[in-house]
Amino acid sequence: MPNAVDRLAARIGEALGTEVRLERPKDPSHGDFATNVAMRSAKAVERSPRELAQQFAQEIAGLEEVTSAEVAGPGFINIRVADAFFLAALAEMGPEYGGGWADPVERVQVEMVSANPTGPIVVSAARNGAYGDCVARLLEFGGHEVAREYYYNDAGAQMDRFRESIAALRRGEPVPGDGYRGAYVEELAKADDDPVPKMLSSIEHTMERFRIHFDSWVLQSKLEQRLDEFLPKLDTYEQDGALWARSSAYGDEQDWVLIRSGEKGGAPTYRAADVVYLVDKLERGFDRAIYVLGADHHATARWYAAIARMLGLDPGRVEVLLYQFVHLTRGGESTKASKRAGNVVFLDDVMDEIGVDATRWYLVNRGPDQTIEIDLDLAAEKSQKNPVYYVQYAHARIAAILRNAESAETGGPPPGPLATEEKELIKRLTDFPVTVREAADRRGPQLLPSYAIRLADDFHRFYHECRVLGDPAQSFRLGLCRATQQVIARSLDLVGVEAPERM
RNA sequence: GCGCCCGUAGCUCAGUGGAAGAGCGGCGGCCUUCUAAGCCGCGGGUCGGAGGUUCGAAUCCUCCCGGGCGCACCA
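Notes on the structure follow. Worth saying up front: this structure is predicted, and the values here are computed from it rather than measured.

Section: the overall build of chain A
Then step 1. A count of helices and strands for chain A gives 19 helices and 14 strands.
Then step 2. On chain A, roughly 23200 Å² of surface is accessible, and the fraction owed to carbon and sulfur atoms is 48%.

Here you go:
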């Protein structure tokens, strides 16, 4: 359903006889909207951009909802619109504003985190979850059917090492050199039972606290049981006693071992399970399988595509999202994260220190291609000044106004011309559908925190300049507050941050 | 050596063809009125470098420099 901005662009395009895209100038003195249509069209009609812009501007200025259209710079047309435009735009911001664009609706699986249950979730895995869950939330908001899955290796060499480390402690022996250490290992060694289920349940608890709810948990050992069914369907060969997948013939950079040779001869590698898992995902009816992987697994993307081709499946249904690492610092000192060495910072510790909201915010704040550096001391110490609280504060302020307004009428017309701050705020709200859509399409959730900050910024300015309660514009401004509150709440929810009523 | 990612203000980073930004840090103003976790102002830049494409490049292409990660049976 086109919104007010789309309709305005369409009307201008109709008047000019060409497609027009409206932009929001960064500098408000450049007008409410701007278009580069003259610069785009100038070459085709062999006219100078500025001259063409002059002609276009005159035609645009003649439109009903436009109050002025001026040429600027190399041929931009800066447009100002009438109050009626803002009122119409505000009026159509319902509860699902910005969402529901999915067409066709896809069944999507987002597989994320999937850390081996050899220890608590560390910060890099948390970024995986924060990123994947945010993409999942965006797709859900768009209208897609999304399932979140956690895949874990319960049978590989790392798990053997983990179990052996605990077994050694139970025998009163030191942990082997390549084993796992740390307080949690010693804690698990105190009991007699299998440490893996305990670790898994602890991970699930951490994830729920982190506001990620998994719909399903898949075991590597279960998938391996179906290996015999799929190995014959693959393009393989034997070499040095091992069974190899000829993935290099299907777009991968190299071939990979599926079944080991030597001492562990006959044992499958994790890549063998990958094959079963890929088919399993698509068999379950997902139109799209999204894998969220750390940058150290970037080569895996080609592997997945290669096995899809090898099996005659559409590689376009498989999507790999990569993210860079997280560096934690304490007072400027970097902390090296190694689970086995036991000197890591766990997600639970970070949430204890800076809170769940700030943790989620920081982990999707930056683009996935960007390494993140978080100084925990700074994050804890300056928590009052974190952008996340700045945004939440705007929400809480609005909640306070609405509380104080009690059951007063909202959404009435303004008694006079709109204030600059009211227009700026409404324009920012019209950016929301575009931002959400772009964040979803680009798998770039970092656009949301940036947007939320700008929105909060516009609201705080509005709040400072425009009295709501007791003002003749009360009814209208209450409606504006309500719409703003809703969009802030939605922006925060999409990144997994709460929108408090009071602070 | 090959592949992927990054290089924008003192620091951490937004900005994926259109008019260079935010937060933190520094300096200075604003609370008898809906939450001052707020608002306003000041200072701060060869967008790593060199070419190219384009009316227009932080953005796209090539090369170079610097940093991170990966490169055959651990995941």
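That covers the picture; the talk isn't over yet.
Digging into the sheet that holds strand β8 (residues 242-245)
Then step 1. Ordered by their spatial adjacency, three strands build an open sheet running β7-β8-β9, and the pairing between neighbours is antiparallel. Where the open sheet ends on each side, the last strands, each with one partner, are β7 (236-239) and β9 (256-259). The mean angle between the axes of side-by-side strands here comes to 45°, regardless of whether they run parallel or antiparallel.
Then step 2. Bridge count for β7 against β8 is four bridges, and the pairing is antiparallel. Across the sheet, Thr236 pairs through a bridge with Ala245, a residue of β8.

Notes on the pattern of salt bridges
Then step 1. In the structure shown here, the tally under the stated rule is 42 salt bridges.
Then step 2. The residue Asp352 makes a salt bridge to Arg209 at a minimum N-O spacing of 2.8 Å. Linking Asp352 in helix α13 (residues 347-354) with Arg209 in helix α8 (residues 195-209), this pair joins segments that are 143 residues apart in sequence.
Then step 3. With relative accessibility at 29%, the residue Arg209 sits in the partly exposed group.
Then step 4. Note that Asp280 is salt-bridged to Arg284, the shortest N-O span being 2.9 Å.
Then step 5. On the basis of relative accessibility, which here comes to 13%, the residue Asp280 falls in the buried class.
Then step 6. Assessed through its relative accessible area of 32%, Arg284 is described here as partly exposed.

Side note on the side chain of Ser68
Then step 1. Structurally, Ser68 is set in strand β2 (residues 66-72).
Then step 2. Assessed through its relative accessible area of 18%, Ser68 is described here as buried.
Then step 3. Excluding its chain neighbours within four sequence positions, the residues that come into contact with Ser68 are Asn78, Ile79 and Arg80.

A look at the environment of Arg271
Then step 1. Position of Arg271 relative to the elements: it lies in helix α11 (residues 270-283).
Then step 2. Expressed as a C-alpha distance, the spacing of Arg271 and Trp256, which sit 15 residues apart in the sequence, is 7.7 Å.
Then step 3. Those residues in contact with Arg271 that lie beyond four places of it in its chain are Trp256, Val257, Leu258 and Trp303.

Some remarks on the sheet that holds strand β1 (residues 33-35)
Then step 1. If you walk across this open sheet you meet the three strands as β1-β3-β2, and the pairing is antiparallel. Where the open sheet ends on each side, the last strands, each with one partner, are β1 and β2. The mean inter-strand angle of the sheet, taken between neighbouring strand axes irrespective of direction, is 25°.
Then step 2. Strand direction decides the pairing type here: β2 and strand β3 (residues 76-81), joined by six bridges, are antiparallel. When the sheet's bridge partners are listed, Glu70 is paired in β3 with Asn78.

What to know about helix α2 (residues 37-45)
Then step 1. Among all positions in α2, only Val37, Ala38, Ser41 and Ala42 are buried. The buried side chains of α2 occupy one side of the element, clustering within an arc of 125° when seen end-on. Seen from the open side of α2, the exposed residues pointing more than 90 degrees away from its buried face are Arg40, Lys43 and Ala44.
Then step 2. Structurally, α2 contributes buried residues whose contacts are with α1 (4-16), β1, α3 (49-61) and β3.

Some details on the packing of helix α5 (residues 123-142) against helix α19 (residues 474-494)
Then step 1. One can describe the packing of α5 onto α19 by two numbers: an axis separation of 9 Å at closest approach and a directional angle of 135°. Judged on the interaxial angle alone, α19 and α5 are oblique. Here Cys134, Arg137, Leu138 and Phe141 of α5 come into contact with α19, specifically with Arg490, Asp493 and Leu494.
Then step 2. Taken together, the residues of the contact of α5 with α19 break down into four nonpolar, no polar and three charged.

A look at unusual backbone geometry
Backbone geometry follows two general trends: most residues other than glycine have a negative phi, and most peptide bonds adopt the trans configuration.
Then step 1. Of note, the amide linkage connecting Asp103 to Pro104 takes the cis form, showing an omega dihedral of 0°.
Then step 2. Within the fold, Pro104 resides in the loop between α4 (83-91) and β4 (107-111).
Then step 3. Phi at Arg211 is positive, roughly 70°, even though this residue is not glycine.
Then step 4. Positionally, Arg211 belongs in the loop between α8 and β6 (216-219).
Then step 5. Arg211 sits in the partly exposed class, given a relative accessible area of 22%.

A word on the protein's contact with RNA strand B
Then step 1. Neighbouring RNA strand B are 68 residues, the closest being Lys43, Arg366, Tyr393, Arg397 and Arg442.
Then step 2. The share of sugar and phosphate among atoms of RNA strand B within 4 Å of the protein is 61%.
Then step 3. Between RNA strand B and His297, the relevant distance is 3.1 Å, taken from a base nitrogen to a side-chain nitrogen or oxygen of the residue.
Then step 4. Going through the elements one at a time, α2, β3, α6 (157-170), β8, β9, β14 (372-375), α16 (387-405) and α18 (447-465) are the ones with two or more residues in the surface near RNA strand B.
Then step 5. Of the residues in the surface near RNA strand B, the class split is 24 nonpolar, 23 polar and 21 charged.

Structural notes on the packing of aromatic side chains
Then step 1. Taken as a whole and judged by the stated rule, the model has 17 aromatic pairs.
Then step 2. With a centroid separation of 5.7 Å and an interplanar angle of 80°, the aromatic rings of Phe85 and Phe86 are classed as edge-to-face. The burial state of Phe85 is the same as that of Phe86; both residues are buried.
Then step 3. Between Tyr150 and Trp217 the ring centres are 4.6 Å apart and the planes differ by 25°, which places this aromatic pair in the stacked class. Placement of Tyr150 in strand β5 (residues 145-152) and of Trp217 in strand β6 is noted, with a sequence separation of 67 residues between them.
Then step 4. Looking at Tyr150, the relative accessible area reads 0%, which means it is buried.
Then step 5. Following the ring pairs from residue to residue traces out a cluster consisting of Tyr97, Trp101, Phe141, Phe432 and Tyr451.

Parameters at a glance
Counting of residues starts from 1 at the beginning of each chain's written sequence and follows it residue by residue. For this description, chains carry letters from A and ligands carry numbers from 1, given in the order in which they are written. Whole-chain, interface and lining totals are the exception, using all residues; otherwise, since this is a predicted model, local features are given only for residues with pLDDT of at least 70 and side-chain atom pairs are given and counted only at 80 or more. The basis for every side-chain value is the complete set of heavy atoms in the structure, and neither hydrogens nor water enter the calculation. Numbering goes from the N terminus for both helices and strands, where a helix is a DSSP run of H or I of at least four residues and a strand is a run of E of at least two. All accessibility values rest on the Shrake-Rupley procedure with a 1.4 Å probe; residue burial counts only the protein chains present in the view. When DSSP finds two or more bridges between two strands, those strands count as paired. Axis lines are fitted through C-alpha atoms, for helices just across the contact stretch, and the angle between N-to-C directions can take any value from 0 to 180 degrees. Put simply, a salt bridge is a Lys or Arg side-chain nitrogen that is within 4 Å of an Asp or Glu carboxyl oxygen. Buried means the residue's accessible area, taken with a 1.4 Å probe over protein chains only, is under 20% of the maximum for its type, while exposed means over 50%, and partly exposed covers the values in between. We call two residues contacting when some pair of their heavy atoms lies within 4.5 Å. In this description, one arc is meant: the one made by directions from the helix axis to the C-beta atoms. Here the word oblique covers every angle except those under 35 degrees (roughly parallel), over 145 (roughly antiparallel) and from 65 to 115 (roughly perpendicular). Note on residue classes: Ala, Val, Leu, Ile, Met, Phe, Trp, Tyr, Cys and Pro are nonpolar, Asp, Glu, Lys and Arg are charged, and everything else, Gly too, is polar. Near, as used in this document, describes a residue that has one of its heavy atoms within 4 Å of the molecule or strand being considered. Residues adjacent in sequence count toward polar contacts only when both atoms are side-chain atoms; beyond that, a polar contact is any pair of N or O atoms within 3.5 Å, and within protein one must be able to donate a hydrogen and the other to accept it. Side-chain rings of Phe, Tyr and Trp, where Trp is taken by its six-membered ring, are said to pair if the distance between their centres is within 6.5 Å; with planes under 30 degrees apart they count as stacked, over 60 as edge-to-face, and otherwise as tilted.

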